[in-house]
Amino acid sequence: MATPTLVIGLGGSGLKTVTHVKKNLMEVNANQLPGEVALLVLDTEKDIKYRAGGWGKERTREHATGPVQLDVGEYVALTGNAKPLGERIKAEQIKAEGNPSLRRNMPYRHVSTWFQAKYYIDTANISDQVWNLDEGAGRYRQFGRLALFSNIGLITRKLKDAMGAIQRRTGSRTLYVHVVGSLAGGTGASMFADVAHLVKQIAGATGYQQAPILFGHFILTEAFRGTSQVQLREAGVKKNFNARMFAALRELNRLQSPVIARSGGYPIIYDPQGTAEMNALLPNTPYSAVYLYDGQAQRVQLNQLPLENGLAPAIADILTAYVDDLSGGAFRSHSVNSSALAPSYNL
């Protein structure tokens, strides 16, 4: 049996890792996903562009040797042309420059405070290809988060469906959630806090009596050294990756600190007029435990391999061990013990 678990992948790295998780779980469960587990990938790509393992036709319960791919219901494409929204946010920002008090009644005031629309349109002159989220977030963190805000209704519905399905099948009081993605790109690095927040807000409404326990698994810049299409060795590429990574790590460090709970929570607003998860406080740290991966170890250098051949399946093996009801107990107790000890160290 498996532990009631939702595995969420963010961006391309999340897609590859979660696909390998699906492959692992199918291979130990008669070529089908355990009923206690649900998979969900959020990505700024229109199509599912990755399959793991095997050749020939895709696997079914009768055919167990082909490649594994996420089902349509397991993949959430956060797409569309964001340029019109950017233009509207820009107009608000221009008005607010002359009279900041106007901002409090503007419809996009919850976005215009962090999305630099005027800069991207007038100064940086970002291409229409980047604004078209069908082909990714262009490694811009703000565009990745804009994709989340633009599709917030779809995302919350998919989360509720996945979490509710696990609860109905298991009757579990709580849910274990693993969020995996890269902190060096434009999608995972922009959504890791929002997704954790939404899961916590939605849990009660989907039948769970206890708060979900979340684990963050985040991939760092150096993990992409062996991924040729990233071109990490090219001039300036690693610098740009590191800029995104360190910005995301700084945010993660702040959100994982005790300051959030001591200050009464951090407001995250998707709709200024909304209720429940659309306009709520993040009450405490988003994750019970966070793991950072760069693919480097004393004996094995997984970062020398393409991500899909090295670190992604390795992280998938870790997640599979977490899901297993026998081996997972030792892993899960670590976060429980750490959380219990944190107050003793003023953390």
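Everything quoted here is computed from the prediction, not taken from an experiment. (Residues numbered from 1 in each chain as written. Predicted model: local features only at pLDDT ≥ 70, side-chain atom pairs only at ≥ 80, totals over all residues. Heavy atoms only, no water.)

Chemist: Hey, could you run me through the packing of helix 1 (residues 11-27) against helix 11 (residues 311-323) in this one?
Modeler: When two helices pack together, their arrangement is given by the angle between the helix axes and by the axis-to-axis distance. Between helix 1 and helix 11, whose axes approach to 8 Å, the crossing angle comes to 50°. Relative to helix 11, helix 1 is oriented oblique. In terms of crossing hand, the pair formed by helix 1 and helix 11 is right-handed. Taking contact as the criterion, the partners of Lys16, Thr17, His20, Val21, Asn24 and Leu25 in helix 1 are, on helix 11, Ala312, Pro313, Ile315, Ala316, Asp317, Leu319, Thr320 and Val323. Of the residues that constitute the contact of helix 1 with helix 11, the class distribution is 8 nonpolar, 4 polar and 2 charged. (Axes fitted to C-alpha atoms, helices over the stretch in contact; angles between N-to-C directions. Helix = DSSP H or I, 4+ residues; strand = E, 2+ residues; numbered from the N terminus. Parallel < 35°, antiparallel > 145°, perpendicular 65-115°, else oblique. Left-handed = near helix turned anticlockwise from the far one by under 90°. Contact = heavy atoms within 4.5 Å. Nonpolar A, V, L, I, M, F, W, Y, C, P; charged D, E, K, R; others polar.)

Chemist: Is there a simple way to explain the packing of aromatic side chains in this structure?
Modeler: For any pair of aromatic rings, geometry is given as the distance between the ring centres together with the angle between the planes. Taken as a whole, this structure holds 16 aromatic pairs when the rule is applied. Cluster of aromatic residues (ring-pair linked, three or more members): Trp114, Phe115, Tyr119, Tyr120, Trp131, Tyr140, Phe143, Phe149 and Tyr270. A cation over a ring is seen here: arginine 145 above tryptophan 114, with NZ or CZ 4.8 Å from the ring centre. In this arrangement the basic side chain of arginine 244 is found over the ring face of phenylalanine 241, its NZ or CZ atom lying 4.7 Å from the centre. (Phe/Tyr/Trp six-rings, centres within 6.5 Å; stacked < 30°, edge-to-face > 60°. Lys NZ or Arg CZ within 6 Å of the ring centre and 35° of its normal.)

Chemist: Is there a simple way to explain helix 7 (residues 152-170) in this structure?
Modeler: Along an α-helix, a turn takes 3.6 residues, which lines up residues three or four apart on a common side. The terminal C-alpha atoms of helix 7 lie 27 Å apart, and with 19 residues this matches the ideal 27 Å at 1.5 Å per residue to within 8%. Those residues of helix 7 that fall on the buried side of the exposure criterion are Ile152, Ile155, Thr156, Leu159, Ala162, Met163, Gly164, Ala165, Ile166 and Gln167. The inward-facing, buried residues of helix 7 contact strand 1 (5-10), strand 2 (37-43), helix 6 (141-150) and helix 8 (188-203). (Expected span 1.5 Å × (residues − 1). Buried < 20%, exposed > 50% of the residue type's maximum accessible area, 1.4 Å probe, protein only.)

Chemist: Help me understand the sheet that holds strand 2, please; the structure alone is not making it clear to me.
Modeler: To summarise the sheet geometry, strands pair through backbone hydrogen bonds and adopt either a parallel or an antiparallel arrangement. Here 6 strands make up an open sheet; going across it, the order is 3-2-1-4-5-8 and the pairing parallel. With partners counted over all chains shown, the strands left at the sheet margins are strand 3 (75-77) and strand 8 (289-293), one partner each. Sheet twist, expressed as the mean angle between neighbouring strand axes with direction ignored, is 15°. The sheet contact formed by strand 1 and strand 2 spans 6 bridges and is parallel. Counted as the bridge partner of leucine 10 is leucine 42 from strand 2. (Pairing = 2+ DSSP bridges.)

Chemist: I tried to follow the pairing of strand 5 (residues 213-219) on my own but got confused; where do I start?
Modeler: Most of strand 5 is tucked away, with 7 of its 7 residues classed as buried. Neither face of strand 5 is open: one carries Ile213, Phe215, His217 and Ile219, the other Leu214, Gly216 and Phe218, and all of them are buried. In the sheet, strand 4 (residues 176-182) pairs with strand 5 via 7 bridges, with the strands oriented parallel. Considered in strand 5, the bridge of glycine 181 is made with phenylalanine 218. As for the winding sense of the linkage, the β-α-β connection from strand 4 through helix 8 to strand 5 is right-handed. Judged from the 5 bridges that link them, strand 5 and strand 8 form a sheet pairing that is parallel. (Right-handed = clockwise from strand over helix to strand, strands pointing away.)

Chemist: Would you explain the pattern of salt bridges in this entry?
Modeler: Inspection of every chain in the model, using the stated rule, returns 12 salt bridges. Between lysine 22 and glutamate 74 there is a salt bridge, with its nearest N and O atoms 2.9 Å apart. Residue lysine 22 is found in helix 1, and its partner glutamate 74 is found in the loop between strand 2 and strand 3; the two are separated by 52 residues along the sequence. The closest approach of N and O atoms between arginine 141 and glutamate 251, which form a salt bridge, is 2.8 Å. Note that arginine 141 is positioned in helix 6 and glutamate 251 in helix 9 (residues 237-255), a separation of 110 residues in sequence. (Salt bridge = Lys/Arg side-chain N within 4 Å of Asp/Glu carboxyl O.)

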